Protein chains: 2
Amino acid sequence: MNNEQAEIVISEKELVINMLIAAWDVQNKRMADFLDKISDEELAAECSPGRNTGTYLLGHLTAVSDSMIKLFGLGDKLYPELEELFITSPDNSGKTIPSISTLREQYHAVTSELHKHFSKMTSDDWFSRHMSVSTEDFAKEPHRNKLNVLISRTAHFNGHFYQMLYLKKK
Amino acid sequence: MNNEQAEIVISEKELVINMLIAAWDVQNKRMADFLDKISDEELAAECSPGRNTGTYLLGHLTAVSDSMIKLFGLGDKLYPELEELFITSPDNSGKTIPSISTLREQYHAVTSELHKHFSKMTSDDWFSRHMSVSTEDFAKEPHRNKLNVLISRTAHFNGHFYQMLYLKKK
């Protein structure tokens, strides 16, 4: 392999990271547009009878996104209290949850914080281990990197977002 | 850059492709498990009142996956007739659609065909243009490659799969 080829390879590595960040950003942009258009009342409804409310899913997605900050070793969660309310506990747990307007703000704050961090991460950062895998395990399983977390979080996010689309009145 | 570094970079390029194919495969495995457990009657219901039926979404996902075969220049679609029924037309269009058992078989056939093709594709294949972008445009927009199609199809697939999860009785 000569240097010219190596440069092309490097560029593809960066390209795929950009593609994956773009896919994440697109989804968050769609969610932001959706939240702009949906009322608190619509958001409080169940996505399908007997299923999660939009409120719960919004809190859930914020909590899961927030957990990436810690999982990537970028700092502390902005709203650690959301984990118990929207990840550990199911919907309608009887626990006191933030108001819908607070949940909207928290979603935007976490998205914005993640975006800020992502824009500073290098290609090598993305291919490095996330904080839930040990150095030893990572040596054997190099796919357990931060980029893979982003891939699975993107699919997870879109899954719940498509469920939330059912909240919008036709 | 020396050769050793170049090798690491190459390996990461292959790694990320494997990660993305694995993410696609995981979703299709979950769908297969889901289809094993859900009855035709449950599948024929609406995911939420007034929304798409599971039958339509199954046909839709099969049609969209099938279109990747052509979009990647790998051959002809297995079931070209599905496009008009499940992409161009909405649910309950009045058009005659295949039986649910046929739709189940077609889903598995397309998934299996794609898996076969994916396993033969090289890293460079994945970073090459898909068939809907011209060589000229691709030179300016190198992110319009096959891997990016897989990324967006994976998110799309999971979105509809999460909607279909609402069909399973609790």
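Given the structure is predicted, the values throughout are model-derived calculations rather than measurements.

Draft legend 1. Broad picture of the overall build of chain A. Looking only at helices and strands, chain A has eight helices and zero strands in total. Looking at chain A as a whole, 52% of its 170 residues qualify as buried. Sequence-distant contacts, at least 24 apart, represent 67% of the contacts inside chain A between residues at least 6 apart. When the accessible area of chain A is evaluated, it comes to approximately 8100 Å², of which 51% is carbon and sulfur surface. When the 19 basic and 24 acidic side-chain charges of chain A are each reduced to a single mean position, those positions are 4 Å apart.

Draft legend 2. Local environment of the interface of chain A and chain B. Taken together, the contact between chain A and chain B spans 38 residues of the former and 38 residues of the latter. Together, the buried faces of chain A and chain B total about 3400 Å²; carbon and sulfur atoms form 66% of this surface. Per-residue buried area on chain A facing chain B is highest for M19, R51 and Y166 of chain A; these three make up 22% of the total on that side. For K13 of chain A, the salt bridge goes to E12 of chain B, with nearest N and O atoms at 2.6 Å. Scanning the region where chain A abuts chain B turns up 14 residue pairs in polar contact (both at pLDDT 80 or more).

Draft legend 3. How the structure looks around the relation of the copies chain A and chain B. In the superposition of chain A on chain B (RMSD 0.0 Å, axial shift 0.0 Å), the rotation amounts to 180 degrees. The relationship between the two copies is best expressed as a two-fold rotation axis. Considering only C-alpha atoms, the residue of chain A closest to the rotation axis is G159 of chain A, which sits at 1.9 Å. Here 100% of the contact residues of chain A are again contact residues in chain B; the copies associate through an equivalent surface.

Draft legend 4. Summary view of helix α4 (residues 81-88) of chain B. Residues and elements named next belong to chain B. Residues of α4 that are buried: L82, L85 and F86. The arc enclosing the buried residues of α4, seen along the axis, measures out at 80 degrees, which places them on a common side. Here the buried face of α4 lies against α3 (54-71) and α5 (100-120).

Draft legend 5. Structural context of the packing of aromatic side chains. All names here are of chain A. Under the definition given, this model contains 14 aromatic pairs over all chains. On the numbers, 5.5 Å between centres and 65 degrees between planes, the contact of W24 with F157 is edge-to-face. One end of the pair, W24, is in helix α1 (residues 3-37); the other, F157, is in helix α8 (residues 146-164), and 133 residues separate them in sequence. Among the aromatic side chains, those forming a connected cluster through ring pairs are W24, Y107 and F157.

Draft legend 6. Broad picture of the side chain of S123 of chain B. Residue position: S123 of chain B is located in helix α6 (residues 123-126). Residues in contact with S123 of chain B, not counting those within four places in the same chain, are K13, E14 and I17 of chain B.

Draft legend 7. A look at the state of the cysteines. Evaluated as defined, the whole model comprises zero disulfides over all chains. Of all cysteine sulfurs, the one in C47 of chain B lies closest to C47 of chain A, which takes part in no disulfide; the gap is 12 Å.

Draft legend 8. Seen up close, the side chain of H60 of chain A. Residue and element names in this part refer to chain A. Checked against the element boundaries, H60 lands in helix α3 (residues 54-71). Look at H60 and you get buried, because its relative accessible area is 13%. Within the structure, the side chain of H60 is placed 3.1 Å from the side chain of H156, a separation counted as a polar contact. Beyond its immediate stretch of four places on either side in the chain, H60 contacts F86, I87, H156 and H160.

Draft legend 9. Highlighting the confidence of the model for chain A. When the pLDDT values of chain A are averaged, the result is 94; 94% of them are 70 or greater. Both scores are available for the predicted complex, with the pTM at 0.93 and the ipTM at 0.93.

Draft legend 10. Spatial organisation of unusual backbone geometry. Although it is not a glycine, N92 of chain A adopts a positive phi angle of roughly 55 degrees. Within the fold, N92 of chain A resides in the loop between α4 (81-88) and α5 (100-120).

Draft legend 11. Structural detail: the environment of N148 of chain A. Relative to the helices and strands, N148 of chain A resides in helix α8. By relative accessible area, N148 of chain A is classed as buried at 18%. The sequence separation of N148 of chain A and E136 of chain A amounts to twelve residues, and the corresponding C-alpha distance is 18 Å. With residues up to four places along the chain from it excluded, the contact list for N148 of chain A reads H143 of chain A together with M19 of chain B.

Draft legend 12. Representation of the packing of α3 of chain B against α4 of chain B within the structure. All names here are of chain B. Where α3 contacts α4, the axes come no closer than 8 Å and their chain directions differ by 125 degrees. In this view, α3 runs oblique relative to α4, as classed from their interaxial angle. Pair α3 / α4 crosses with left-handed handedness. Facing α3, whose interface residues are T55, Y56, G59, H60, T62, A63 and V64, α4 presents L82, E83, L85, F86 and I87. Here the contact of α3 with α4 is built from residues that sort into seven nonpolar, four polar and one charged.

Draft legend 13. Looking closely at the pattern of salt bridges. Considering all chains together, one arrives at 20 salt bridges over all chains under this definition. Its salt-bridge partner being D124 of chain B, residue K13 of chain B comes within 2.7 Å of it at the nearest N-O pair. On the criterion of sequence distance, the pair formed by K13 of chain B in helix α1 (residues 3-37) and D124 of chain B in helix α6 is long-range, its members being 111 residues apart. A relative accessible area of 7% means that K13 of chain B is categorised as buried. A relative accessible area of 51% places D124 of chain B in the exposed class. Residue D40 of chain B pairs with R104 of chain B through a salt bridge whose shortest N-O separation is 2.9 Å. Of the two residues, D40 of chain B sits in helix α2 (residues 40-43) while R104 of chain B sits in helix α5, which places them 64 residues apart along the sequence. Connected through salt bridges with shared partners, the residues E12 of chain A together with K13 and D124 of chain B form a single ionic network.

What counts as what
Residues numbered from 1 in each chain as written. Chains lettered and ligands numbered in written order. Predicted model: local features only at pLDDT ≥ 70, side-chain atom pairs only at ≥ 80, totals over all residues. Heavy atoms only, no water. Helix = DSSP H or I, 4+ residues; strand = E, 2+ residues; numbered from the N terminus. Buried < 20%, exposed > 50% of the residue type's maximum accessible area, 1.4 Å probe, protein only. Contact = heavy atoms within 4.5 Å. Areas by Shrake-Rupley, 256 points an atom, 1.4 Å probe, with all protein chains shown as cover. Lys, Arg positive; Asp, Glu negative; His and termini not counted. Charge placed at Lys NZ, Arg CZ, Asp CG, Glu CD. Buried area = accessible area lost by both parts, 1.4 Å probe. Salt bridge = Lys/Arg side-chain N within 4 Å of Asp/Glu carboxyl O. Polar contact = N/O pair within 3.5 Å; in protein donor to acceptor, adjacent residues only side chain to side chain. Least-squares fit on C-alpha atoms with pLDDT ≥ 70 in both. Arc of directions from axis to C-beta. Phe/Tyr/Trp six-rings, centres within 6.5 Å; stacked < 30°, edge-to-face > 60°. Disulfide = S-S within 2.5 Å. pLDDT = per-residue confidence, 0-100. Axes fitted to C-alpha atoms, helices over the stretch in contact; angles between N-to-C directions. Parallel < 35°, antiparallel > 145°, perpendicular 65-115°, else oblique. Left-handed = near helix turned anticlockwise from the far one by under 90°. Nonpolar A, V, L, I, M, F, W, Y, C, P; charged D, E, K, R; others polar.

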